[in-house]
Amino acid sequence: GAGVSQSPSNKVTEKGKDVELRCDPISGHTALYWYRQRLGQGLEFLIYFQGNSAPDKSGLPSDRFSAERTGESVSTLTIQRTQQEDSAVYLCASSPGTRGDNEQFFGPGTRLTVL
Amino acid sequence: GNSVTQMEGPVTLSEEAFLTINCTYTATGYPSLFWYVQYPGEGLQLLLKATKADDKGSNKGFEATYRKETTSFHLEKGSVQVSDSAVYFCALIMDSNYQLIWGAGTKLIIKP
């Protein structure tokens, strides 16, 4: 079946503009994650959605970052008033969300460049 | 807090060499341990995992054993190929949680 998809694959924007990144998880996966990966670094957790529970936003670096998820499907990550330090690859992952089955399946990422 | 430490790269080897990438962890409790791989131009994918002490995860000729006594999960392969060139990430997750805790990644370069 289809894997996790993300769009756009690349986004170049000017400092101060807003951007919206999209993630389509694997059908039936209740858990969805957003991560940021800066060049040459590991993954930085941003936000986690699980079913209808309140999302864990503890990893969002500032109030310029927000994310939404419609039910158990598409999620969007919005960055307002982008800064050059926001340049990174933004990765989305989904997992079945059931106890004992926590493998995360990753999308190809969106490479964001803020000029 | 929980954390993962893995050896810094890049690691450069010749084809058919033996590979070890070290990974150690700190966790309050008993995590599940993972190795993810990111091939050039591709997304992250799970390479192998182990969910309890002394378990051995294996895939594509790679192996890693969950060692509780040394809090380690070192990745090994007996004979590497050029196609193994990638960035390898060690990670853990607590059964009571959902957040993967990641190492910084180790870039592996295999020369023909």
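Residues numbered from 1 in each chain as written. Chains lettered and ligands numbered in written order. Predicted model: local features only at pLDDT ≥ 70, side-chain atom pairs only at ≥ 80, totals over all residues. Heavy atoms only, no water.

1. Quick look at the interface of chain A and chain B
Counting residues at the interface gives 19 residues for chain A and 15 residues for chain B. When the buried area of chain A at its contact with chain B is split by residue, Leu43, Asn102 and Phe106 of chain A rank highest and sum to 31% of it. Taken together, the connections running from chain A to chain B amount to 0 salt bridges. Among the elements of the structure, strand E4 (31-37) and strand E5 (43-50) of chain A are those that each provide at least two residues to the side of chain A that touches chain B. (Contact = heavy atoms within 4.5 Å. Buried area = accessible area lost by both parts, 1.4 Å probe. Salt bridge = Lys/Arg side-chain N within 4 Å of Asp/Glu carboxyl O. Helix = DSSP H or I, 4+ residues; strand = E, 2+ residues; numbered from the N terminus.)

2. Side note on the pattern of salt bridges
Residues and elements named next belong to chain B. With the rule as written, the count across this model stands at 6 salt bridges over all chains. Here aspartate 55 makes a salt bridge to lysine 52, at a shortest N to O gap of 3.4 Å. The exposure class assigned to aspartate 55 is partly exposed, which follows from its relative accessible area of 21%. For the salt bridge of glutamate 63 with lysine 56, the shortest nitrogen-to-oxygen distance reads 3.6 Å. Residue glutamate 63 is classed as partly exposed on the basis of its relative accessible area of 35%. (Buried < 20%, exposed > 50% of the residue type's maximum accessible area, 1.4 Å probe, protein only.)

3. Here's the deal with the side chain of serine 94 of chain A
Residues and elements named next belong to chain A. By the secondary structure assignment, serine 94 is in strand E8 (residues 88-95). Exposure remark for serine 94: the relative accessible area of 0% places this residue in the buried category. Side-chain polar atoms of serine 94 contact the side chain of histidine 29, separated by 2.8 Å. Apart from the residues lying within four places of it in its own chain, the contact partners of serine 94 are Val4, Pro25, Ile26, His29, Ala31, Leu32, Glu103, Gln104 and Phe105. (Polar contact = N/O pair within 3.5 Å; in protein donor to acceptor, adjacent residues only side chain to side chain.)

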